[in-house]
2 protein chains.
Amino acid sequence: MSDRTESRGRIIASARRLFYEAGYENTSYADLAAAAGVPKGNFYYHFKSKDELLGAVLEARHADVAAALDTWAAQARTPQEGLRRFVRMVMSEEEALVAYGCPVGSLLTELGKHRDDLREAARAVMDLYVEWLTARFTELGHPARHAEVLAKRLLARAQGAIVMAHAYGDQALLRRELKDIEAWLSEQAPT
Amino acid sequence: MSDRTESRGRIIASARRLFYEAGYENTSYADLAAAAGVPKGNFYYHFKSKDELLGAVLEARHADVAAALDTWAAQARTPQEGLRRFVRMVMSEEEALVAYGCPVGSLLTELGKHRDDLREAARAVMDLYVEWLTARFTELGHPARHAEVLAKRLLARAQGAIVMAHAYGDQALLRRELKDIEAWLSEQAPT
DNA sequence: AGGCAAATCAGACGATCGTCTGACACCGAG
DNA sequence: CTCGGTGTCAGACGATCGTCTGATTTGCCT
């Protein structure tokens, strides 16, 4: 019921990429049609507005992130390992992050200036990370409230590193900051 | 020569506010005309394109930041005091930062997806902070290269805190992170 | 083969975008 | 009083935006 046709999936995949690389407002239906190989008349059969299309894109990303977090939780045998895996995931996306920023963070920045409903959908993706990281910090023995503070601090530091690296187009900056974040992490996770 | 007329200044002031609160691409000449009380036909007498208007806005912000940094440098009697003053400045802007994000950071995020020339003008404002903070860390005895790393790390942490606080509309988050940054700062600045 | 809903596609629609033109108001110099 | 330049303003321009309609094709069911 969610992915009725193949072209619907192609539209979502193209939109996901374009919204990320060029921004939501800055991506037109003409761009989407060209990228997806689907005439724009067809878009309104699947999504009755551009906002609804972004909703579907966020839904897809939400599902992907949730699946990835499940995998990590299953593979990491200690909370420390889980936290480090998060940082390593950011590292593995270095090139795209330097070129386009954080897919969730930059979208939140763009939507934050208007459009409360879509902003909530984007924040839901961020919440997945917050909750998963909070669980890891809790396992480390931090009381619940402080665990969430640490989770958001970790995310804030990652966001900041990405913003600066993106602003300066500086991949070394991102790598260096992520290393520093890892060092900070091992202080929070006494072995 | 730079501010030939009063209406030119009104246009820049309005544009500066609207570009910040609503975003650059999302602010139309109709919006600007309504906010500045200047008919849009007049805009092209002062600025021959919207991009040039943004250039003037960035120039104004650049001048303001440079002036503020000069004042701080004169008032702060120790490098520690200067660094703390930077954090306090961010604190004093809490409400706007939570509502709209960082004026420089969010603009860099928006422009980073396209428009290389304007991105450079925005980055010039960020560079003012980088250079000023680098000078303070150098005064603390850090070698030049490491001082710049610390300056960018401080800015990255501030950016990240603002992005998260903006995403969640959470002023307490911003205040808490800034306090943590201050604590981190005093570790880098052994008295 | 025939029928019918699901899916596809081309193109028109009004609105709005950034840009530009040309006429008009103001005002000190001659 | 006249002139010329600086600044002001209303409105038109083509382009492009997101949206929508109607006709057409596809593919499954009997």
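The structure contained in this document is the topic of the report that follows. These numbers were taken from a predicted model, which means no experiment stands behind them.

Let us now look at the relation of the copies chain A and chain B. Each copy superposes on the other: chain A lies on chain B with an RMSD of 0.0 Å after a rotation of 180° and an axial shift of 0.0 Å. Taken together, the rotation and translation describe the operation of a two-fold axis. Within chain A, the C-alpha atom positioned nearest to the axis of rotation is that of Gly160 of chain A, 1.8 Å from it. In this assembly the copies share their binding face: 100% of the residues contributing to the interface of chain A also contribute to that of chain B.

Residues and elements named next belong to chain B. Two elements in contact, helix H8 (residues 116-139) and helix H9 (residues 144-168), have axes separated by 8 Å at closest approach and are oriented at 125°. Classified by the interaxial angle, the pair formed by H8 and H9 is oblique. The element H8 and its partner H9 pack so that their crossing is right-handed. Of the residues in H9, those touching H8 at Met126, Tyr129, Val130, Leu133, Thr134, Phe137 and Thr138 are Ala144, Ala147, Glu148, Leu150, Ala151, Lys152, Leu154, Leu155 and Gln159. A class-by-class count of the residues in the contact of H8 with H9 yields 11 nonpolar, three polar and two charged.

Reported here for the largest pocket is a volume of approximately 610 Å³. If you trace the largest pocket, you find 25 residues lining it, with Arg61, Met89, Glu93, Pro103 and Tyr129 of chain A closest to the centre. Of all elements in the fold, only helix H1 (6-22), helix H4 (50-75), helix H5 (79-92), helix H6 (94-100), helix H7 (103-112), helix H8 (116-139) and helix H9 (144-168) of chain A reach the threshold of two or more residues within the lining of the largest pocket. Of the residues assigned to the lining of the largest pocket, the class counts are 18 nonpolar, one polar and six charged. Both domain 1 (1-48) and domain 2 (57-188) of chain A contribute no fewer than three residues apiece to the lining of the largest pocket. Around the second largest pocket sit 24 residues that line it, and Arg61, Met89, Glu93, Pro103 and Tyr129 of chain B are the ones nearest its centre. Mapped by element, the contributors of at least two residues to the lining of the second largest pocket are helix H1 (6-22), helix H4 (50-75), helix H5 (79-92), helix H6 (94-100), helix H7 (103-112), H8 and H9 of chain B.

This part is about unusual backbone geometry. If a residue is not glycine, its phi is most likely negative; likewise, a peptide bond is most likely trans. At Arg115 of chain A, a position not held by glycine, the phi torsion is positive, near 70°. Checked against the element boundaries, Arg115 of chain A lands in the loop between H7 and H8.

Residues and elements named next belong to chain A. In total, this model carries 12 aromatic pairs over all chains according to the counting rule given. For the ring pair Tyr20 and Tyr100, a centre distance of 5.5 Å and an interplane angle of 65° mean the geometry is edge-to-face. Of this pair, Tyr20 sits in helix H1 while Tyr100 is found in helix H6, placing the two residues 80 residues apart along the sequence. Here Tyr20 falls in the buried class, since its relative accessible area comes to 13%.

This brings us to the protein's contact with DNA strand D. For DNA strand D, the set of nearby residues contains 18 residues, the closest of which are Tyr29, Tyr44 and Lys50 of chain A together with Gly41 and Tyr45 of chain B. For DNA strand D, the backbone portion of the atoms within 4 Å of the protein, that is sugar and phosphate, comes to 71%. Contacts to DNA strand D include Lys50 of chain A, whose side-chain N or O atom sits 2.7 Å from a phosphate oxygen. Between DNA strand D and Ser7 of chain B, the relevant distance is 3.2 Å, taken from a phosphate oxygen to a side-chain nitrogen or oxygen of the residue.

For the rest of this paragraph, the subject is the protein's contact with DNA strand C. What surrounds DNA strand C is a group of 18 residues, the closest being Gly41 and Tyr45 of chain A together with Tyr29, Tyr44 and Lys50 of chain B. In this structure, Tyr44 of chain B approaches DNA strand C through a side-chain N or O atom, which is 2.2 Å from a phosphate oxygen. For DNA strand C, a phosphate oxygen lies 2.6 Å from a polar atom in the side chain of Lys50 of chain B. At five residues, the largest contribution of residues to the surface near DNA strand C is made by helix H3 (residues 40-46) of chain A. Its residues assigned to classes, the surface near DNA strand C comprises four nonpolar, nine polar and five charged.

Contacts between the two partners involve 39 residues from chain A, matched on the other side by 39 residues from chain B. For the pairing of chain A and chain B, the buried interface totals around 3,300 Å² over both sides, and the portion due to carbon and sulfur atoms is 57%. Contact with chain B buries surface across chain A, with Lys113, Met164 and Tyr168 of chain A losing the most and accounting together for 21% of the total. Summed over the shared surface of chain A and chain B, the result is four salt bridges. Linking chain A to chain B there are 12 residue pairs in polar contact (both at pLDDT 80 or more).

The rules behind these values
- Residues numbered from 1 in each chain as written.
- Chains lettered and ligands numbered in written order.
- Predicted model: local features only at pLDDT ≥ 70, side-chain atom pairs only at ≥ 80, totals over all residues.
- Heavy atoms only, no water.
- Least-squares fit on C-alpha atoms with pLDDT ≥ 70 in both.
- Contact = heavy atoms within 4.5 Å.
- Axes fitted to C-alpha atoms, helices over the stretch in contact; angles between N-to-C directions.
- Helix = DSSP H or I, 4+ residues; strand = E, 2+ residues; numbered from the N terminus.
- Parallel < 35°, antiparallel > 145°, perpendicular 65-115°, else oblique.
- Left-handed = near helix turned anticlockwise from the far one by under 90°.
- Nonpolar A, V, L, I, M, F, W, Y, C, P; charged D, E, K, R; others polar.
- 1 Å grid on protein atoms, 1.4 Å probe; cavity = no way out; pocket = protein on both sides within 12 Å on 5 of 7 lines; lining within 4 Å.
- Points joined across faces, edges and corners; volume = space filled by probe spheres on them.
- Domains from an automatic or database assignment.
- Phe/Tyr/Trp six-rings, centres within 6.5 Å; stacked < 30°, edge-to-face > 60°.
- Buried < 20%, exposed > 50% of the residue type's maximum accessible area, 1.4 Å probe, protein only.
- Near = heavy atom within 4 Å.
- Polar contact = N/O pair within 3.5 Å; in protein donor to acceptor, adjacent residues only side chain to side chain.
- Buried area = accessible area lost by both parts, 1.4 Å probe.
- Salt bridge = Lys/Arg side-chain N within 4 Å of Asp/Glu carboxyl O.

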